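Survey of secondary and tertiary structure
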Amino acid sequence: MRVIVAEDSVLLRRGLVRLLADCGIEVVGETGSAEGLLALVEAERPDAVLLDIRMPPTHTDEGVRAAEAILTRRPGTGVLLLSQYLETSAAVQVLARSPRGFGYLLKERIADPEELCAALRRVAAGESAVDPEIVSRLLRRRGTQGALDALTARERQVLGQMAEGWSNEEIGRRLRVSAKTLETHIRSVFTKLGLEPDVSANRRVLAVLTYLRA
């Protein structure tokens, strides 16, 4: 797999390049700013881009805007945003518009190379990857009066796994339930949340996160 790394901290960028190489991922380009990133993507045509959410010159939303541009102009190129802080609003908006091939992880996940590399491979394959901590906080943020109160504990677990972007097969393995039982839980989740089930995993994540954002 071929990847471009965009991170303004030189030390962190070099560390990411080394970490990805250890996972067998080829880094075909690196940059410390969002400016010129799209041109680099056009030139190298990577499978995915690993991108800091806050980039020069203002260190605000350059990474988010660059991610949207890549997903729009180079469909098929996965984008994995990294952030030191929990900034759900902008990232969820990108996911709502372009769920395929998009992911968002907290930088603390870098401590687990296998998790980071797995997330990159998922977005490169057109799937989504959302940090479990982000999903957990979104679920808790709903308060006690929302529709989530109607879900059972197991349905909440299933919803969390869905929102992270896992496939039905992987959710069943993680929760140790059969495919038939899992389908029953998923149908129940969609019914209770007023969401129509869909065969597309990416549209399913979009629906769940759009609801959580509301």
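Look up: the structure comes first, before these words.
In what follows, the accompanying structure is described. (Residues numbered from 1 in each chain as written. Predicted model: local features only at pLDDT ≥ 70, side-chain atom pairs only at ≥ 80, totals over all residues. Heavy atoms only, no water.)

1. Concerning the overall build of the chain
Applied cut-off: Starting at the N terminus, helices and strands are each numbered in turn, a helix being any DSSP run of H or I of at least four residues and a strand any DSSP run of E of at least two. Each residue's exposure class comes from its accessible area (1.4 Å probe, protein chains only) as a fraction of the maximum for that residue type: buried when under 20%, exposed when over 50%, partly exposed otherwise. Throughout, the Shrake-Rupley method with a 1.4 Å probe supplies accessible areas, and for residues the shown protein chains are the sole cover considered.
A tally of regular secondary structure across the chain gives ten helices and six strands. Out of the 214 residues belonging to the chain, those deemed buried represent 50%. Total accessible area computed for the chain in this model is approximately 10,300 Å², and 49% of it derives from carbon and sulfur atoms.

2. A closer look at the pattern of salt bridges
The line we're drawing: In what follows, salt bridge is the name for a side-chain nitrogen of Lys or Arg lying within 4 Å of a carboxyl oxygen of Asp or Glu.
What the rule picks out here adds up to nine salt bridges. For D61, the salt bridge identified is with R65, shortest N-O distance 3.2 Å. Its relative accessible area of 45% is what places R65 among the partly exposed residues. Put simply, E7, D52 and K107 are held in one network by salt bridges that share partners.

3. Examining unusual backbone geometry
For the peptide bond that leads from P56 to P57, omega is 10°, which places it in the cis range. Among the secondary structure elements, P57 is positioned in the loop between β3 (48-52) and α3 (62-73). Of note, R45 is a non-glycine position whose phi angle comes to about 50°, a positive value. Here R45 lies in the loop between α2 (37-44) and β3. If you check the backbone angles, H59 has positive phi at about 55° while not being a glycine. You can see H59 is positioned in the loop between β3 and α3.

4. Quick notes on the pairing of β3
Successive residues of a regular strand alternate their side chains across the two faces of the sheet. Heads up, the condition is: Strand pairing is defined by DSSP finding a minimum of two bridges between the two strands. If the strands point away from the viewer and the path from the first strand over the helix to the second runs clockwise, then the crossover is right-handed.
The buried fraction of β3 amounts to five of the five residues, a majority that puts the element mostly inside the structure. What you see with β3 is no split at all: A48, L50 and D52 on one side and V49 and L51 on the other are buried throughout. As defined by bridge partners, strand β1 (residues 2-6) adjoins β3 across four bridges and the pair is classed as parallel. When the sheet's bridge partners are listed, A6 is paired in β3 with L51. Looking at chain direction, β3 and strand β4 (residues 78-83) are connected through five bridges and run parallel. Pairing of V49 across the sheet is with V79, part of β4. Taken together, β3, α3 and β4 form a β-α-β motif whose crossover is right-handed.

5. A few points about the state of the cysteines
Heads up, the condition is: When the sulfur atoms of two cysteines come within 2.5 Å, that pair is taken as a disulfide.
Inspection of every chain in the model, using the stated rule, returns one disulfide. Across the disulfide, C23 is cross-linked to C117 (sulfur-sulfur distance 2.3 Å). When the S-S torsion is 85°, as for the bridge of C23 with C117, the disulfide is right-handed. Pair noted here: C23 is in the loop between α1 (10-22) and β2 (26-31) and C117 is in helix α5 (residues 113-124), with a separation of 94 residues, a long-range link. The exposure class assigned to C23 is partly exposed, which follows from its relative accessible area of 23%. Given a relative accessible area of 1%, C117 falls into the buried group.

6. A word on the nonpolar core
Soluble globular proteins tend to bury their nonpolar side chains together. The test is simple: Throughout this description, the term nonpolar core refers to a set of buried Ala, Val, Leu, Ile, Met, Phe, Trp, Tyr and Cys residues connected via side-chain atoms within 4.5 Å. Whether two residues are in contact is decided by their heavy atoms: any pair within 4.5 Å suffices.
By size, the foremost hydrophobic cluster in this structure holds 26 residues, and its most contacted members are L37, V49, L51, I70 and L81. Elements with a contribution of two residues or more to this core: β1, α2, β3, α3, β4, β5 (102-106) and α6 (132-141). Per-element accounting of this core gives the leading share, six residues, to α3. Leaving out residues up to four positions away in the same chain, L37 has contacts with I4, A6, T31, V49, L51, A66 and I70. Of all hydrophobic cores here, the second largest spans 19 residues; its members include V17, A48, L80 and L82.

Read these as spatial facts, not as claims about activity.
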